[in-house]
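# Structural description and commentary
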Amino acid sequence: MENSVGNAYLVALHWALTLMQGTVWSTTPLTTWERLFAVITLPIALVFAALIIGGTTMLMQQTTDFARDMAGQRSALRSIARHYRLPPDFSARIAHFIEAEKSLMDLREREGRLLKELSPDLQRDLKMQIYGALIARHSFMKFLISRNP
């Protein structure tokens, strides 16, 4: 099999994949099985590299969009403050509120996406963990718990 036409095509495919990866043949597979393994793992590695690059790019774009949105809101606030001659401390309070609210909305959106990924059983258990302590503090629930331990 080492000198067959199939092996020649496998060598050519391996060579093409290593060129696509941007590396030189530093280690040459010795057997057909080693070359087949290299041919199979190279595209998988390229896909993972593309996923990492794509994820990083998306994260950078979201950060840029967030910063651009905040800059636009600050600019609008400055123009409103100038137009209505608002005191600087009042403008600072409004700016602080806008930034805190935007951060809170972003956090809630990420939490919502994460919670949708959980199974229904995990969602129910999480709700019981979160709301159970709040409900147990209510006087009516305290009464019910004391009657039915």
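Above this text you will find the structure in question.
So, here's what we can say about the structure. All values reported here derive from a predicted model rather than from experimental measurement. (Residues numbered from 1 in each chain as written. Predicted model: local features only at pLDDT ≥ 70, side-chain atom pairs only at ≥ 80, totals over all residues. Heavy atoms only, no water.)

## Observations regarding the pattern of salt bridges
- For the structure shown, the criterion picks out six salt bridges.
- For R74, the salt bridge identified is with E99, shortest N-O distance 2.9 Å. Of this pair, R74 sits in helix α2 (residues 32-84) while E99 is found in helix α3 (residues 88-117), placing the two residues 25 residues apart along the sequence.
- Judged by its relative accessible area of 30%, E99 is partly exposed.
- For the salt bridge of E109 with R113, the shortest nitrogen-to-oxygen distance reads 2.9 Å. Taken together, the positions of E109 and R113, both in helix α3 and four residues apart, correspond to about one turn of that helix. (Salt bridge = Lys/Arg side-chain N within 4 Å of Asp/Glu carboxyl O. Helix = DSSP H or I, 4+ residues; strand = E, 2+ residues; numbered from the N terminus. Buried < 20%, exposed > 50% of the residue type's maximum accessible area, 1.4 Å probe, protein only.)

## Let's talk about unusual backbone geometry
- Of note, R85 is a non-glycine position whose phi angle comes to about 55°, a positive value.
- Within the secondary structure, R85 sits in the loop between α2 and α3.
- Assessed through its relative accessible area of 73%, R85 is described here as exposed.

## Side note on a nonpolar patch on the surface
- Together, L115, L126, I130, Y131, L134 and I135 make up an exposed nonpolar region whose accessible area comes to about 530 Å².
- Sort the elements by how many residues they give to the nonpolar patch and helix α4 (residues 120-136) lands first, with five residues.
- Mapped onto the elements, Y131 comes out in helix α4.
- The exposure class assigned to Y131 is partly exposed, which follows from its relative accessible area of 47%. (Patch = residues over 30% accessible without salt bridge, like charges linked within 9 Å, V, L, I, M, F, W, Y side chains within 5 Å. Areas by Shrake-Rupley, 256 points an atom, 1.4 Å probe, with all protein chains shown as cover.)

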